[in-house]
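# Inside the fold
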Amino acid sequence: MSEIEYHAVAKTDEIMEEDVKGVFVGDEEIAVYNVEGEYYATHGICTHENVGLADGFVEGDLIECPLHSACFEIKTGKAVNPPAEIDLKTYPVKVEGDTIYVGIEK
Amino acid sequence: MSDDRTFVIIGASQAGGWVAQTLRNEGFEGKVILIGEEPYLPYERPPLSKAALLGEVTVDSTYFWQQEALDEANIEVRLNTRVTAIDRDAKEIEIEGGDRIAYDKLAITTGARVRKLPIEGADLPGVFYLRTMEDTLAIRAAVKDGATAMIVGGGWIGLECAATLTKLGCKSIVVEAADRLCGRAVTPEISDWMYKFHTEHGVDVRLSTGIEKFEGNGQLERVVLPGGDTIDCSIAVVGIGVIPNVELAQDAGLEIDNGIVVDECARTSDPDIVAAGDVTNHPNDLLGRRIRLESYENAQNQGITAGKAMLDKAEPYSEIPWFWSDQFDANLQMIGLPQDWDETATRGDEASNEFVTFYLKDGIIDGAISVNNPRDLRVGKRLMQGKKQVTAAELVDPETKMQALLKR
Ligand SMILES: Cc1cc2nc3c(=O)[nH]c(=O)nc-3n(C[C@H](O)[C@H](O)[C@H](O)COP(=O)(O)OP(=O)(O)OC[C@H]3O[C@@H](n4cnc5c(N)ncnc54)[C@H](O)[C@@H]3O)c2cc1C
Ligand code: FES
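Residues numbered from 1 in each chain as written. Chains lettered and ligands numbered in written order. Predicted model: local features only at pLDDT ≥ 70, side-chain atom pairs only at ≥ 80, totals over all residues. Heavy atoms only, no water.

## Some details on the overall build of chain A
- Across its full length, chain A holds 0 helices and 11 strands.
- Tracing chain A from N to C terminus, the helices and strands come up as β-β-β-β-β-β-β-β-β-β-β.
- For 106 residues, the compact-globule formula gives about 13 Å, and the C-alpha radius of gyration of chain A, at 13 Å, lands near that figure.
- Within chain A, counting contacts between residues at least 6 apart in sequence, those at least 24 apart form 42% of the total. (Helix = DSSP H or I, 4+ residues; strand = E, 2+ residues; numbered from the N terminus. Rg over C-alpha atoms; globule rule 2.2 N^0.38 Å. Contact = heavy atoms within 4.5 Å.)

Take a look at the structure:
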């Protein structure tokens, strides 16, 4: 079993509700979301082409890619409409105080 | 239960590919035959004037689906195959060489072809058009560092091509017959921005300029302008628009009006034939009129609609038209097809090349164009969809949170 290491990536007030922020943990680009006050994280790059989802648009619990409008479920990473067909990777998130931590496999 | 029906799709590109995929996604178990005259699997055209012309991507990577995925979905793809006729009485199509294929349902996704420039010398080697992978590969092979490239037409394709050829080390000259760039699609202010942007990036843009003829000895060497002036160049790319490929449908007696006329579910006047993509003239409920679009999103989503209609699961398709273009380091996106607005509002700074201009009619967004700001445009699209009342002043105000306007 691989171990998960949590990394501080942002302060809670940096990401408004229905918003997304792009962060890096090492070389890994991650998108962190606020859906109704809960924080989630997915891989930061659309699975269709090489585009950052942090420039995308959050609606409800979906993130829409800024380039060709593919949508993914923020909580599960599931690709819900074309052109994307591959699901997004998701990461565990925890909040301590006002800091958001994203868990990455070591 | 096996299904012995055969569904045939003419045109193996984006719209046709999505029709085929949708049939399978919706559980169709009969035969699916996707026929196209090009030698490639369905591929994305947007990179043709961008990454593929730059040589940054391989041909394979532009395929919507790799061969294995099509095999797995049991979609029979026949490439290099031109369909020559549709016989609606016999419910058969004819392919080049005379073979016939029977269909139970038929989809026409024949797209569009380039409009040719009817002037002397246009058939000289070195004069190109840009619609297919073959075109892109041919232009790439002809481009030499330091060459002068003449781009005829200052629309989307011409401007993307000018940007890419400049990046490849060419001196790009754009000649546009109208007095501004992209005149059919954007406001004069955006045309001015485009002019400035391209000029700053080293493109020589000449407005209100046509060309008289191409000249050269067995190969393009120069263009001649109407006054008799000449400009030396070794390649030219003509981008003056496209013509929908309606001939098959027209000869078969289907209704045509700037495209194959379909309803909101992509059905033609024949109950067994649907059509989708660049080739259709379709009603758009949100705009309240019929339109023909040349866009990626439309080819995909109307293709999906057509596939469902073939299975009698018709669902109306209507969405706000959306289009993007990449030129140098600018990502432009447009929503709507604004025709008569009474106000515009620009959020952000044109000089910094990051802004969005909204077109307002009676306090409702009727369209928008963004440069390097896809997010605000997306919110604009939602505001437009929801017909939300907004003012130019609040859109312009950097303090306004766009997302908040949606909550009204
Ligand atoms: C260079 C370029 C850049 C673009 N960039 C963008 C962009 O940035 N953003 C955007 O939104 N859109 C862009 N587009 C537009 C988008 O690619 C098109 O709208 C889309 O490809 C339309 O798909 P389609 O399947 O309807 O038609 P097409 O892609 O035209 O496909 C039709 C297919 O049918 C085949 N065919 C036609 N007649 C027959 C026949 N009789 N028998 C067999 N086969 C036949 C053709 O060979 C072709 O392969 C661009 C287009 C081009 C050319
Ligand atoms: S890059 Fe995200 S949908 Fe195409």
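## A word on the overall build of chain B
- Looking only at helices and strands, chain B features 11 helices and 26 strands.
- Its C-alpha atoms put chain B at 65 × 65 × 35 Å along the principal axes.
- With 408 residues in all, chain B has 57% of them scored as buried.
- Entry remark: accessible area of chain B is about 17100 Å², with carbon and sulfur atoms responsible for 45%.
- When the 42 basic and 66 acidic side-chain charges of chain B are each reduced to a single mean position, those positions are 3 Å apart. (Buried < 20%, exposed > 50% of the residue type's maximum accessible area, 1.4 Å probe, protein only. Areas by Shrake-Rupley, 256 points an atom, 1.4 Å probe, with all protein chains shown as cover. Lys, Arg positive; Asp, Glu negative; His and termini not counted. Charge placed at Lys NZ, Arg CZ, Asp CG, Glu CD.)

## Regarding the pattern of salt bridges
Residues and elements named next belong to chain B.
- As enumerated under the stated definition, the model contains 36 salt bridges over all chains in all.
- Among the salt bridges present, the one from Asp272 reaches Lys91, with a minimum N-O distance of 3.1 Å. Here the residue Asp272 occupies a position in the loop between β18 (260-261) and β19 (273-275), and Lys91 occupies one in the loop between β4 (83-87) and β5 (92-95), the gap between them amounting to 181 residues.
- Taking relative accessible area as the criterion, Asp272 reaches 22% and is therefore assigned partly exposed.
- Here Arg206 ties to Asp204 by a salt bridge, and the two come within 2.9 Å at their closest N and O atoms.
- On the basis of relative accessible area, Arg206 is assigned to the partly exposed category, the value being 28%. (Salt bridge = Lys/Arg side-chain N within 4 Å of Asp/Glu carboxyl O.)

## Points about the domain arrangement of chain B
Residues and elements named next belong to chain B.
- Parsing chain B into structural domains produces domain 1 (6-113 + 243-310), domain 2 (119-238) and domain 3 (338-406).
- For domain 1 and domain 2, the distance between their C-alpha centres works out to 30 Å.
- Counting from both sides, the interface comprises 16 residues of domain 1 and, opposite them, 15 residues of domain 2.
- Both sides of the domain 1 and domain 2 interface together cover about 1500 Å² of buried area, and 65% of this is carbon and sulfur.
- Taken together, the links from domain 1 to domain 2 amount to 2 salt bridges.
- For Glu160, the salt bridge identified is with Lys50, shortest N-O distance 3.3 Å.
- Taken together, the links from domain 1 to domain 2 amount to 10 residue pairs in polar contact (both at pLDDT 80 or more).
- Element by element, the count of residues in the side of domain 1 that touches domain 2 is highest for helix α2 (residues 51-54), at 3 residues.
- Looking at the side of domain 1 that touches domain 2 residue by residue, the class counts come to 9 nonpolar, 3 polar and 4 charged. (Domains from an automatic or database assignment. Buried area = accessible area lost by both parts, 1.4 Å probe. Polar contact = N/O pair within 3.5 Å; in protein donor to acceptor, adjacent residues only side chain to side chain. Nonpolar A, V, L, I, M, F, W, Y, C, P; charged D, E, K, R; others polar.)

## Re the nonpolar core
- Formed by 110 residues in total, the largest nonpolar core has its most connected members in A:Tyr33, A:Phe72, B:Leu23, B:Ile139, B:Leu165, B:Met194 and B:Leu395.
- Counting residues in hydrophobic clusters, the runner-up holds 22 residues, among them B:Ile10, B:Ile86, B:Ile93 and B:Val279. (Core = buried A, V, L, I, M, F, W, Y, C linked by side-chain atoms within 4.5 Å.)

## What about the environment of B:Gly241?
Residues and elements named next belong to chain B.
- Along the chain, the position of Gly241 falls in the loop between β16 (235-238) and β17 (242-244).
- Overall, Gly241 belongs to the partly exposed group, its relative accessible area being 31%.
- Sequence spacing of Gly241 and Asp263 is 22 residues, and the spatial spacing of their C-alpha atoms is 25 Å.
- Ignoring anything within four residues of it in the chain, the contact list for Gly241 reads Arg113, Val114 and Arg115.

## Here we look at the interface of chain B and chain A
- Tallying the contact residues gives 20 residues for chain B and 20 residues for chain A.
- Overall, the association of chain B and chain A removes approximately 1600 Å² of surface from exposure, summing both partners, and the carbon and sulfur fraction of that is 49%.
- A per-residue breakdown of the area chain B buries against chain A is headed by B:Arg375, B:Arg378 and B:Arg382, which together make up 35% of the total.
- Here chain B and chain A share 5 salt bridges between them.
- A salt bridge links A:Glu59 to B:Arg382; the shortest N-O distance between them is 3.1 Å.
- Scanning the region where chain B abuts chain A turns up 11 residue pairs in polar contact (both at pLDDT 80 or more).
- Mapped by element, the contributors of at least two residues to the side of chain B that touches chain A are α8 (296-310), β22 (322-327), β23 (330-335), α9 (374-385) and α11 (402-406) of chain B.

## Notes on the side chain of B:Thr280
Residue and element names in this part refer to chain B.
- With respect to the helices and strands, Thr280 occurs in strand β20 (residues 280-284).
- A distance of 2.9 Å separates a polar atom in the side chain of Thr280 from a polar atom in the side chain of Gln302.
- Beyond its immediate chain neighbours, meaning those up to four positions away, Thr280 contacts Gly259, Ile260, Val262, Ala275, Ile291, Arg292, Leu293 and Gln302.

## Let's talk about the state of the cysteines
- Per the counting criterion, the structure on display carries 0 disulfides over all chains.
- Among the cysteines around B:Cys233, which has no disulfide bond, B:Cys170 carries the closest sulfur, lying 11 Å off. (Disulfide = S-S within 2.5 Å.)

## Topic: the sheet that holds strand β7 (residues 71-73) of chain A
- Ordered by their spatial adjacency, 4 strands build an open sheet running β5-β6-β7-β8 (chain A), and the pairing between neighbours is antiparallel. The strands lining the two open edges of the sheet, one partner per strand, are β5 (57-59) and β8 (79-81) of chain A. Neighbour to neighbour, the strand axes of the sheet diverge by 30 degrees on average, direction disregarded.
- Across 3 bridges, the pairing between β5(A) and strand β6 (residues 62-64) of chain A is antiparallel. When the sheet's bridge partners are listed, A:Glu59 is paired in β6(A) with A:Leu62.
- Strand contacts of α9(B): β5 and β6 of chain A, with the helix running at about 35 degrees to β5(A), the strand carrying the most contacts. (Pairing = 2+ DSSP bridges. Axes fitted to C-alpha atoms, helices over the stretch in contact; angles between N-to-C directions.)

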